[in-house]
Amino acid sequence: MAYKFFYIGDFKSNNGPGIANRNLKRGIKQAMMEHPGSYKVYFSRRSCLSSRIWEMIQYIAWSDFVCICNYTRLHLFSAWLAKKMKKKCIYRLHGYATYESQVNHPNMDKKSWNRVHRQESFLFKHVDKIICVSKISKDYMVGQEPLYANKFHYCYNAVNYQKIENLIGVKKNSGKDKCLILSVGGGMPRKNNLTVAKGIQILQRKHPEISFEYTIVGAAYTQKDALCHYSFVKYYDHLPHKQLLEKMKESDIYIQDSTFDTFNLSAIEALMCGCSLLLSKNIGALGIFENISSRNIIYSIKDAEEISEKIWNIYICPNYSELKQAIKYQLIDTQMVAERFIELCIQ
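What this report covers is the structure whose coordinates are included nearby.

Overview of the side chain of S308
Next, step 1: Structurally, the position occupied by S308 is in helix α12 (residues 304–316).
Next, step 2: For S308, a relative accessible area of 1% puts it in the buried group.
Next, step 3: The contacts of S308, once residues within four sequence positions are left out, are G199, I202 and L203.

Regarding the nonpolar core
Next, step 1: Residues M248, Y254, F263, I268 and F289 are the most contacted members of the largest nonpolar core, which totals 36 residues.
Next, step 2: When contributions to this core are tallied by element, the ones reaching two or more residues are α7 (161–168), β7 (178–184), α10 (241–250), α11 (265–272), β11 (276–280) and α13 (320–326).
Next, step 3: If one sorts the elements of this core by residue count, α11 sits on top with 6 residues.
Next, step 4: Once residues within four sequence positions are removed from consideration, F289 is found in contact with I268, L271, L277, L323, A326, I327 and K328.
Next, step 5: Of all hydrophobic cores here, the second largest spans 27 residues; its members include Y59, Y91, Y96 and C132.

So, the sheet that holds strand β10 (residues 253–256)
Next, step 1: Taken together, 6 strands build an open sheet; the order of strands is β9-β8-β7-β10-β11-β12 and the sheet is parallel. The sheet terminates laterally at β9 (233–236) and β12 (297–298), the two strands that pair on one side only.
Next, step 2: Strand direction decides the pairing type here: strand β8 (residues 211–217) and β9, joined by 4 bridges, are parallel. Across the sheet, residue V217 finds its bridge partner in β9, namely Y236.
Next, step 3: Against the sheet, helix α8 (residues 193–206) makes contact with β7, β8 and β10, and its axis sits at roughly 170° relative to β8, the strand it touches most.

Section: α12
Next, step 1: Taking 1.5 Å of rise per residue, 13 residues should cover 18 Å, and α12 covers 18 Å from first to last C-alpha, within 8% of that figure.
Next, step 2: The N-capping residue of α12, defined by a side-chain oxygen 3.0 Å from the backbone nitrogen of E305, is D303.

Comments concerning the layout of surface pockets
Next, step 1: The computed volume of the largest pocket comes to approximately 1,200 Å³.
Next, step 2: As for the largest pocket, its lining consists of 45 residues, and the residues nearest its centre are N15, G16, P17, M188 and R190.
Next, step 3: Of the residues assigned to the lining of the largest pocket, the class counts are 20 nonpolar, 18 polar and 7 charged.
Next, step 4: Approximately 350 Å³ is the volume found for the second largest pocket.
Next, step 5: Going through the elements one at a time, α1 (16–34), β2 (39–43), α2 (49–62) and α3 (73–84) are the ones with two or more residues in the lining of the second largest pocket.
Next, step 6: Looking at the lining of the second largest pocket, its residues break down into 6 nonpolar, 6 polar and 8 charged.

Digging into the side chain of S266
Next, step 1: Structurally, S266 can be placed in helix α11.
Next, step 2: Apart from residues no more than four positions distant in its own chain, S266 is found in contact with V184, M248 and Y254.

Some remarks on the packing of aromatic side chains
Next, step 1: Throughout the structure, instances matching the rule amount to 24 aromatic pairs.
Next, step 2: Where F5 meets F65, the ring centres are 4.9 Å apart and the plane angle is 15°; that geometry is what we call stacked. With a gap of 60 residues between them, F5 in strand β1 (residues 3–8) and F65 in strand β3 (residues 65–68) connect regions that are remote in the sequence.
Next, step 3: For F5, a relative accessible area of 0% puts it in the buried group.
Next, step 4: Residue classification places F65 among the buried residues on the basis of a relative accessible area of 6%.
Next, step 5: Judged by centre distance (6.0 Å) and plane angle (75°), the rings of F124 and F152 are edge-to-face. Placement of F124 in helix α5 (residues 110–126) and of F152 in strand β6 (residues 152–154) is noted, with a sequence separation of 28 residues between them. Across this residue pair, the class does not change: F124 and F152 are buried.
Next, step 6: Cation over ring: K25 sits above F11, and NZ or CZ is 5.7 Å from the ring centre.

Reading the values: the criteria
Residues numbered from 1 in each chain as written. Predicted model: local features only at pLDDT ≥ 70, side-chain atom pairs only at ≥ 80, totals over all residues. Heavy atoms only, no water. Helix = DSSP H or I, 4+ residues; strand = E, 2+ residues; numbered from the N terminus. Buried < 20%, exposed > 50% of the residue type's maximum accessible area, 1.4 Å probe, protein only. Contact = heavy atoms within 4.5 Å. Core = buried A, V, L, I, M, F, W, Y, C linked by side-chain atoms within 4.5 Å. Pairing = 2+ DSSP bridges. Axes fitted to C-alpha atoms, helices over the stretch in contact; angles between N-to-C directions. Expected span 1.5 Å × (residues − 1). Polar contact = N/O pair within 3.5 Å; in protein donor to acceptor, adjacent residues only side chain to side chain. 1 Å grid on protein atoms, 1.4 Å probe; cavity = no way out; pocket = protein on both sides within 12 Å on 5 of 7 lines; lining within 4 Å. Points joined across faces, edges and corners; volume = space filled by probe spheres on them. Nonpolar A, V, L, I, M, F, W, Y, C, P; charged D, E, K, R; others polar. Phe/Tyr/Trp six-rings, centres within 6.5 Å; stacked < 30°, edge-to-face > 60°. Lys NZ or Arg CZ within 6 Å of the ring centre and 35° of its normal.

Structure representation (structure tokens):
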């Protein structure tokens, strides 16, 4: 008998979860072609609220497994309904709203935070499994939510790396005496781009012969104005995915100094575009590398001096080739990820 899967979530957006969900969808379709008749799959496609609700009811009733790929209030209803209909329900965890709301919105009142926590706990309670997008995020979630510890599993995000390499082509060199640095996350406090800017300012003072340029892409949140005070910062509230890949192609170093990041697809995309990487110890994607030197990792995320020193070391000795060779591609290959994900659902 072929198992029936209903995947519900965002498969259209150009943010990290949207792209990751599309990569998973692509892998599932590849796996279906490889193993015809093994399972049947329907991906949510409706956009208006009434049609989405009807689609959920119809396909939850049809399916054996309901896979929720995003956290929204509507998906709380789908988890509740799946449980009522005695369907196995799996949640693909891309983020942790309880924690992220505190960091990104420091002025949030306790009542609002408690509401976020209650809603997320409701989802955790009503699903059978929670599949995190990295081992780092799985281990973190087990520590934060011990009540649901036995529900947490992990399966890395799929990365369509062949498509990125074909799309980007030959890497553009910024040339000596220039260092182009890129980060995503905009003015979101959790991304700590302000600390990176302070680190670059230190370098600018130490090495006036080098022209540093720091491109930041993402929503304003609370730190955009402070970031834009730095003369070397170029800020974009949004770039279409293809244009972001082009920016990565033009850049020398991609930096993500996150307090918490379940995976960080952009870091791997940047590497595929030819960037060297400097990542905080909290980035889930670190787990896909065979070995990664401490020189490529930020350990004190609020320490501008450490960031400054490591940027300089990477500028002098780029790590692009070293890191690309260290990737365990079987962990992010689209079809292999999809097969692993389905296996976790069925187990």
